[in-house]
Number of protein chains: 2
Amino acid sequence: MHTLEVALGARSYPIHIGTGLLDRADLLLSHIRGRQVLIVSNSTVAPLYLERLRKTLSGYLVAECILPDGEAFKDMAHLDLIFTTLLQHRFNRDCTLVALGGGVVGDMTGFAAAAYQRGVDFIQIPTTLLSQVDSSVGGKTGVNHALGKNMIGAFKQPNVVVIDTDVLSTLPDRELKAGIAEVIKYGLIRDLPFLEWLEGAMPKLLTREPHTLAEAIRRSCENKAAVVAADELEQKDVRALLNLGHTFGHAIETGMGYGVWLHGEAVATGMLMAADLSMRLGWIDEAAVTRTRDILIKAGLPVTPPDLSADEYLEHMAVDKKVKDGQLHLVLLKHLGEAVVSKVPAAVLKQTLETGAALGVSV
Amino acid sequence: MHTLEVALGARSYPIHIGTGLLDRADLLLSHIRGRQVLIVSNSTVAPLYLERLRKTLSGYLVAECILPDGEAFKDMAHLDLIFTTLLQHRFNRDCTLVALGGGVVGDMTGFAAAAYQRGVDFIQIPTTLLSQVDSSVGGKTGVNHALGKNMIGAFKQPNVVVIDTDVLSTLPDRELKAGIAEVIKYGLIRDLPFLEWLEGAMPKLLTREPHTLAEAIRRSCENKAAVVAADELEQKDVRALLNLGHTFGHAIETGMGYGVWLHGEAVATGMLMAADLSMRLGWIDEAAVTRTRDILIKAGLPVTPPDLSADEYLEHMAVDKKVKDGQLHLVLLKHLGEAVVSKVPAAVLKQTLETGAALGVSV
């Protein structure tokens, strides 16, 4: 088992990564203050792992709230189901919410923990690669709104993150690949050696070789923890770098309807769009764009933007959080392994948006 | 104009109290970062004061969200109207939400500001006595849930609180009195000299003599600010003392249906119930209970609990936030002018609950 620390002063917390951790009561107990524990999970994950977690938490008063599976249900109405369950069981301020699931479950449980009685404790047990390497670490929580993704939420750090790599054995291939998109992202934005390692390790990652998986998760979490420690509330431009490809990705997700593209798939294509834009601004050369495209293809990720018009892209990008005083700011690549936040001239952005399907083809 | 400071380190903010402050652009401008301002108000207050505030904020891009008036609408569905307005206007992270209204508007606007894009700026312009002396100061924000009052929310401090005492001229008598309940509370829990002053000043308060009103507001805000500075997140028992009468009050409000009793009315009767319970535990004598009853009566506040059974009271009190490990904790009076949080034996509590209407009658 590896243990990392997210260094946030009084809100610091450990991330444990290893096999068989779902059964390790010792990793959880010191982080639970009261007797009441609510496990929030979804209809896919609960049948697989809920009973094991319940057994690990025997001795507590454990309630459960099982949400329908999918980004389409990450909304206020389903958030309210968590509150209703908490109130029906008369859970008080000492209670602890445990998220057992992927990013949607983690984001909703975290926001529920932030808002229930103005704040209760919260533990992350992420069960998808995407949530293990990204959303479970760093405290961004929330729900979608019909008019925008992740628009309602809170910064709410968990007490502990427990990553049991065994649970990835039941993860569908498509979701594994979507998680690898965020793994690749860390290489692109701040860790060239990791990117190089990934280029070699990709076949083993895709066959879920346990040590390769654990290493990819550990190095991703280290990168994420370092960024979050430097800029917890995204007040500088440091944390924003984690959003490489995300503004394009959000536009793809919103434009196609939540759930049609997986988040990681949209981010993968979005990262390639960001690389293309970086090249058009003269920061990286065509070889770097090709290298970005190639590792995404090697991971089985989509690299062809969906057929939305440039205006549709712009519309969905404009409601995003990257607009300052009317000027769009995007995360771009200064080099492979180094990202920056930059204003983007509308004309150049339009070129990238209009390149469309050609982006996915090596020139 | 008086200016107090709520001392909370980096989250410190001023409270300005005086006449004509609605027109004082200088009090607001330094607290607004971007160009986008959303005024949230309600259907009663907006026709009276919205245009004046809009004029004060000319030069900004001002949008508005007018909610229906009343505690019955303090819910997630109406909170969502604020988010929808923000998103329709494409408001970004630099935007500022301004609450122009009473406690409901302030609580909802504050929670919306806490949650929109995980946190934007927020200004309180309270227009009822209750919100001026209580809810606008201290950062407790939130909405009700069908299963419990104020169960969903956030601690979100405003950037500034602007209290224009002129607006009280349009406040209905019943709401003025409800506000006075919280004013009396400060005397009861931590400021005996203020309680004594209030006993003399009550007639002038009720006729809205401007200097008496301003003095009552200033001394209330000073008390509130001191408590909040000592215990911002209600992690010690200090801030909890502000809840004198509130657990009973919440039970009254919930039991009768939100909006039948005004919050301040329920708190007034609740404070008398707390005083009765304190006497039964041997802490204060009957003269102190009578003095509590008398000043509430002098303020025209209800002192007779509604006709709910003891079991109904207990049911509504149990879901409240004052339960620790199954044991009910209440704020009680050690002396007049000094409150404490204490466990309460169920049998003694039941006596108070069964005293019912007799509580309102001098023995």
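Up top you'll find the structure we're talking about.
Treat the numbers as computed from the prediction; the structure is a model and nothing was measured.

A closer look at the overall build of chain A
When its secondary structure is counted, chain A shows 13 helices and 12 strands. A compact globule built from 363 residues would reach a C-alpha radius of gyration of about 21 Å, and chain A, at 20 Å, matches this within 12%. Going through the 363 residues of chain A one by one, you find that 54% of them count as buried.

Describing the nonpolar core
Core analysis: the largest hydrophobic core is formed by 231 residues, its most contacted members being Val40 and Ala274 of chain A together with Val40 and Ala274 of chain B. Beyond its immediate stretch of four places on either side in the chain, alanine 274 of chain A contacts Leu244, Gly245, Phe248, Leu330, Val331, Leu332 and Leu333 of chain A.

A few points about the sheet that holds strand β1 (residues 2-6) of chain B
All names here are of chain B. Reading across from one edge, β1-β2-β9-β6-β5-β3-β4 is the order of the 7 strands in this open sheet, with mixed pairing throughout. Strand pairing shows two members of the sheet lacking a second neighbour, β1 and β4 (61-67), which therefore form its edges. Ignoring strand direction, the axes of neighbouring strands in this sheet form an average angle of 20°. One ladder, built from 6 bridges, connects strand β5 (residues 96-101) with strand β6 (residues 121-126); its direction is parallel. Within the sheet, the bridge partner assigned to threonine 96 lies in β6 and is aspartate 121. Contacts from helix α2 (residues 46-56) reach β3 (36-42), β4, β5 and β6, with the element oriented near 165° to β3.

A look at unusual backbone geometry
All names here are of chain B. You will see that arginine 118, though not glycine, has its phi angle at about 65°, which is positive. Structurally, arginine 118 is set in the loop between α4 (103-115) and β6. The backbone phi angle of glutamate 234 is positive, close to 55°, even though this residue is not glycine. Note that glutamate 234 resides in the loop between α8 (210-230) and α9 (246-256).

A few points about the interface of chain B and chain A
With 31 residues of chain B at the contact, the number on the chain A side is 31 residues. When residues of the side of chain B that touches chain A are traced back to their parent elements, those giving at least two are α3 (76-88), α4, β7 (140-145), β8 (148-155) and β10 (323-324) of chain B. Of the residues that constitute the side of chain B that touches chain A, the class distribution is 14 nonpolar, 8 polar and 9 charged.

Let's talk about the sheet that holds strand β5 (residues 96-101) of chain A
Residues and elements named next belong to chain A. Strand order in the open sheet formed by 7 strands is β1-β2-β9-β6-β5-β3-β4, with mixed pairing between adjacent strands. A strand with exactly one partner marks an edge of an open sheet, and here the two such strands are β1 (2-6) and β4 (61-67). Mean inter-strand twist for the sheet, computed between neighbouring axes without regard to direction, equals 20°. By the bridge criterion, 2 bridges tie strand β6 (residues 121-126) to strand β9 (residues 160-164) in an arrangement that is parallel. Bridge assignment links isoleucine 123 to a residue of β9, and that residue is valine 160. Sitting on the sheet, helix α4 (residues 103-115) touches β3 (36-42), β4, β5 and β6, and the angle it makes with β5 is about 170°. Along the sheet, helix α8 (residues 210-230) makes contact with β1, β2 (13-18) and β9, crossing β1 at roughly 15°.

Analysis parameters
Residues numbered from 1 in each chain as written. Chains lettered and ligands numbered in written order. Predicted model: local features only at pLDDT ≥ 70, side-chain atom pairs only at ≥ 80, totals over all residues. Helix = DSSP H or I, 4+ residues; strand = E, 2+ residues; numbered from the N terminus. Rg over C-alpha atoms; globule rule 2.2 N^0.38 Å. Buried ≥ 20, exposed ≤ 12 C-beta atoms within 10 Å, placed from the backbone. Core = buried A, V, L, I, M, F, W, Y, C linked by C-beta atoms within 7 Å. Contact = placed C-beta atoms within 7 Å. Pairing = 2+ DSSP bridges. Axes fitted to C-alpha atoms, helices over the stretch in contact; angles between N-to-C directions. Nonpolar A, V, L, I, M, F, W, Y, C, P; charged D, E, K, R; others polar.

These values are about where atoms sit, not about what they do.
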